[in-house]
Amino acid sequence: QEQLVESGGGLVRAGESLRLSCAAPGHTFSSYAMGWFRQVAGNERELVAAVSWSGGSSYYGHEVKDRFTISRDIARNTVYLQMDSLKEEDTAVYYCAAGASLDNDYRSYEYWGQGTQVTVSS
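This report concerns the structure included in the present document. Here the structure is a predicted model, which is why all the values come from computation and not from measurement. (Residues numbered from 1 in each chain as written. Predicted model: local features only at pLDDT ≥ 70, side-chain atom pairs only at ≥ 80, totals over all residues. Heavy atoms only, no water.)

Counted according to the given criterion, the structure contains 4 salt bridges. Glu46 is paired through a salt bridge with Arg38; the nearest N and O atoms lie 2.8 Å apart. Looking at Arg38, the relative accessible area reads 6%, which means it is buried. The closest approach of N and O atoms between Arg107 and Asp105, which form a salt bridge, is 2.9 Å. Here Asp105 falls in the partly exposed class, since its relative accessible area comes to 22%. (Salt bridge = Lys/Arg side-chain N within 4 Å of Asp/Glu carboxyl O. Buried < 20%, exposed > 50% of the residue type's maximum accessible area, 1.4 Å probe, protein only.)

Positive phi values are uncommon outside glycine, yet Asp66 reaches one of about 75 degrees. Tracing the sequence through the fold places Asp66 in the loop between strand 6 (58–60) and strand 7 (68–73). The class of Asp66 is exposed, set by a relative accessible area of 73%. The backbone of Ser85 sits at a positive phi, close to 50 degrees, despite the residue not being glycine. Residue position: Ser85 is located in the loop between strand 8 (78–83) and strand 9 (92–99). (Helix = DSSP H or I, 4+ residues; strand = E, 2+ residues; numbered from the N terminus.)

This is how it looks when you write it as structure tokens:
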């Protein structure tokens, strides 16, 4: 069952920006690492970005480094993914996740949203 809710996906042109939001209604994830993953049909779910519970550590996938920024507002129980300079290859379903610690393996995360589609046209 989904415990996180993503929003902000849509259709954009290459080079444009998009910001995804992830809310956690009914739960507090202040002590959890938060991550964004993406998946294309037929492929494994891959890490886009993740941030530790304290916000002091972060990790970015090689393909999005220097283009995407993850941030969190603990008081609002919300995590964001700012995506700049979008490329066609960024097209995927994006998922928000929460886990006990920062990790690049999706299997390490316990809580998930249903996903939001991001489509980038060239």
